[in-house]
Amino acid sequence: MTDQAHDRLLIIDFGSQVTQLIARRLRELNVYCEIHPFQSVTDAFLDDFNPKAVILSGGPASVVHEGSPRPPASVFTRSVPVLGICYGQQVMMQMLGGRVEGGKISGGGGTAEFGRAYVIPTSQSPLLDGWFDTGREQVWMSHGDHVADLAPGFEVFGTSPNAPFAITADPARNFFAVQFHPEVHHTPKGAKLYENFVRLAGFTGDWTMNAYRDEAIRKIRETVGDKKVICGLSGGVDSSVAAVLIHEAIGDQLTCVFVDHGLLRLNEADEVVKMFRDNYNIPLIHADESELFLGELDGQSDPETKRKIIGRLFIDVFQKYANEIEGAEFLAQGTLYPDVIESVSFSGGPSVTIKSHHNVGGLPEKMGLKLVEPLRELFKDEVRALGRELGLPASFIGRHPFPGPGLAIRCPGEITRDKLEILRLADAVYIDQIRKHGLYDEIWQAFAAILPVRTVGVMGDGRTYDYACALRAVTSVDGMTADYYPFDHDFMGETVTRIINEVPGINRVFYDVTSKPPGTIEME
Ligand code: XMP
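Residues numbered from 1 in each chain as written. Predicted model: local features only at pLDDT ≥ 70, side-chain atom pairs only at ≥ 80, totals over all residues. Heavy atoms only, no water.

## Quick word on the overall build of the protein
Then step 1. Assigned secondary structure in the protein consists of 14 helices and 20 strands.
Then step 2. Taking 2.2 N^0.38 as the reference for a compact globule, 524 residues should give roughly 24 Å; the C-alpha atoms of the protein span a radius of gyration of 25 Å, in line with that estimate.
Then step 3. Counting only C-alpha atoms and orienting by the principal axes, one finds that the protein spans roughly 75 × 65 × 40 Å.
Then step 4. The buried share of the protein, taken over its 524 residues, is 59%.
Then step 5. A separation threshold of at least 6 residues defines the contact pool for the protein, and within that pool the share at least 24 residues apart is 75%.
Then step 6. Of the roughly 21,400 Å² that the protein leaves accessible, carbon and sulfur atoms contribute 50%.
Then step 7. Distance from the positive charge centre (49 side chains) to the negative charge centre (70 side chains) of the protein: 1 Å. (Helix = DSSP H or I, 4+ residues; strand = E, 2+ residues; numbered from the N terminus. Rg over C-alpha atoms; globule rule 2.2 N^0.38 Å. Buried < 20%, exposed > 50% of the residue type's maximum accessible area, 1.4 Å probe, protein only. Contact = heavy atoms within 4.5 Å. Areas by Shrake-Rupley, 256 points an atom, 1.4 Å probe, with all protein chains shown as cover. Lys, Arg positive; Asp, Glu negative; His and termini not counted. Charge placed at Lys NZ, Arg CZ, Asp CG, Glu CD.)

Structure representation (structure tokens):
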């Protein structure tokens, strides 16, 4: 969405894995922002975007290396406040006449610094309002290089043992630059820095969910005109919110297609179709394509191959149904912002590809459908807020996220129908336990996975040689980072007993206590 009615902040991305968290912090402040990779930010782009402030993200490159990424020099001559973070600080210093020294990683002699550090103030700055009440602030450092000489006009406002220029600013030009990452959880008061920065830049906090809804509806109408749209409905929050939003915008020009790829949870297809037909008057096609998907996945064990097969088949199936709907020119998807970011590779943007999400990447030319992705700028909790704004039932909004590739990525290695059956039952028992104990709403996502390993057990007087199952439950705000949920041992014991007693084919259960990072939420 590039609506000029709002104050707009531009984040220039140099490839940090946490750039999206900057956007998130800003949205919490009701500030409209967009992230654009440095390659696409040209002078003309800046004129068109007309940012009220600019943030330069961190990134893996070293400014001391030739050809390392730079923003256009005009970023610094537009008379708008600029905040540089980590690599952003270094690039700013280098371009404005300072000097950066390479650390060990980039071949220089300096020290690198990764992890927790403490900054103490050396001078007062409005950027630091609310900081240093207790004399020092914890920050998260992650840098190889460091600034050795400040650019003219800059002063030091905060320092840490390994980063003498931890917080710097040129107050006359409203340029600020920090060596650490204020956007991450490990800089506990980082949000306050962003709040101070946008206040200094004159943002009024005019970006609300109500405004988003109105703009999104207007944009959908503008894009779609009198053409027809088909929407892939999964029954999850994202596609449901997308469908209701689009329905509000264009009414019966929308047809929803619910694809059963054979990788859904127990009774899920029936429940989703019933839920949608009972609550909404939106034309809905129930496409049972499980044979097609499971057939093509047969024998495949590589995670990316599995994801790509599912992604390709989804597109084929949509094409098939789109062809049946006369005049359908658009495909709507509930793609969220984290999906977009995690799927961007260096060729499109700077961060490393973690997983190929089946629902992004655009549609092949041959399909002849254009994409409508009205949630593309939103994080999960923002989608829930939009859902509430649209009056969706709480049961929709509260559902745990379920990934597009479904149980395929909860069945590491080869998928078989037997394994899927076992997995469905185990998952149902697990979720039932969580609901019975009143924990469902405390957890971001909980699910069972069937591991590609069988182990020996003893039941009754007999030997068993059955699958092992893993249980996962995480808390998270946006799916970008996550902590495992600390179930108590009584709950664990009861749940494991129920799964082993009620699910034939499983004789051992593990609980996954990996956070994200370093793990991901799903197994593949
Ligand atoms: P990971 O496993 O990457 O998951 O930590 C983060 C969140 O994204 C969901 N997920 C997906 N959602 N299509 C989706 O719509 C996908 O391909 C996909 N892969 C993962 C996952 O369930 C979690 O909520």
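There is more to say after this.
## Brief notes about unusual backbone geometry
Then step 1. Omega for the bond connecting K516 with P517 falls within 30 degrees of zero, at -20°, which places this linkage in the cis form.
Then step 2. Position of P517 relative to the elements: it lies in the segment after β20 (506-511).
Then step 3. Residue P517 is joined to P518 through a cis peptide bond whose omega torsion reads 10°.
Then step 4. Inspection of the secondary structure puts P518 in the segment after β20.
Then step 5. Even without a glycine there, the phi angle at S79 is positive, about 60°.
Then step 6. Mapping S79 onto the fold places it in the loop between β3 (53-56) and β4 (82-85).
Then step 7. The phi dihedral of F132 falls on the positive side, at around 65°, and the residue is not glycine.
Then step 8. Mapping F132 onto the fold places it in the loop between β6 (113-121) and β7 (137-143).
Then step 9. A relative accessible area of 12% places F132 in the buried class.

## A few points about the sheet that holds strand β16 (residues 370-372)
Then step 1. Taking strand neighbours across the sheet as the criterion, the 5 strands line up as β14-β13-β12-β15-β16 in an open arrangement whose pairing is parallel. The sheet is open, and its two edges are formed by β14 (284-288) and β16, each paired on a single side. Neighbour-to-neighbour, the strand axes of this sheet turn through a mean angle of 30°, independent of strand direction.
Then step 2. Looking at chain direction, strand β13 (residues 254-260) and β14 are connected through 5 bridges and run parallel. Bridged to V257 within β14 is I285.
Then step 3. Across the face of the sheet, helix α6 (residues 237-250) comes into contact with β12 (228-233), β13, β15 (328-332) and β16 while running at roughly 160° to β12. (Pairing = 2+ DSSP bridges. Axes fitted to C-alpha atoms, helices over the stretch in contact; angles between N-to-C directions.)

## Overview of the confidence of the model for the protein
Then step 1. Across the protein, the average pLDDT comes to 90, with 92% of residues at or above 70.
Then step 2. Counted against residues more than four places away or in other chains, residues 343-350, with its pLDDT under 50, gives 24 contacts. (pLDDT = per-residue confidence, 0-100.)

## Observations concerning the sheet that holds strand β11 (residues 175-178)
Then step 1. Taken together, 9 strands build an open sheet; the order of strands is β2-β1-β3-β4-β11-β10-β9-β6-β7 and the sheet is mixed. In this open sheet, the two edge strands, each paired with only one partner strand, are β2 (32-37) and β7. The mean inter-strand angle of the sheet, taken between neighbouring strand axes irrespective of direction, is 25°.
Then step 2. Seen against the sheet, helix α3 (residues 87-95) touches β3, β4, β7, β10 (163-170) and β11 and runs at an angle of roughly 120° to β4.

## Overview of the packing of helix α13 (residues 417-436) against helix α14 (residues 489-502)
Then step 1. The contact between α13 and α14 brings their axes to 9 Å, and the two run at 150°. Our pair here, α13 against α14, has a crossing hand that is right-handed. The segment α13 lies against α14, with A426, V429, Y430, D432, Q433, I434 and K436 engaging F491, E494, T495, R498, I499 and E502.
Then step 2. Along the lines of polarity and charge, the residues of the contact of α13 with α14 split into 6 nonpolar, 2 polar and 5 charged. (Left-handed = near helix turned anticlockwise from the far one by under 90°. Nonpolar A, V, L, I, M, F, W, Y, C, P; charged D, E, K, R; others polar.)

## Quick word on the pattern of salt bridges
Pairs can form between side chains of opposite charge whenever their charged atoms are close.
Then step 1. In the structure shown here, the tally under the stated rule is 33 salt bridges.
Then step 2. The salt bridge involving D226 is made with K227; its shortest N-O contact spans 3.2 Å.
Then step 3. Taking relative accessible area as the criterion, K227 reaches 30% and is therefore assigned partly exposed.
Then step 4. Through salt bridges with shared partners, a single network forms among R24, R25, E28 and D381. (Salt bridge = Lys/Arg side-chain N within 4 Å of Asp/Glu carboxyl O.)

## Considering the domain arrangement of the protein
Then step 1. Partitioning the protein into domains gives domain 1 (8-200), domain 2 (209-397) and domain 3 (416-511).
Then step 2. If you average the C-alpha positions of domain 2 and of domain 3, the two centres end up 28 Å apart.
Then step 3. Taken together, the contact pairs 14 residues of domain 2 with 10 residues of domain 3.
Then step 4. Together, the buried faces of domain 2 and domain 3 total about 1,000 Å²; carbon and sulfur atoms form 61% of this surface.
Then step 5. Linking domain 2 to domain 3 there are 1 salt bridge.
Then step 6. Between R417 and E291 there is a salt bridge; the shortest N-O distance is 3.1 Å. (Domains from an automatic or database assignment. Buried area = accessible area lost by both parts, 1.4 Å probe.)

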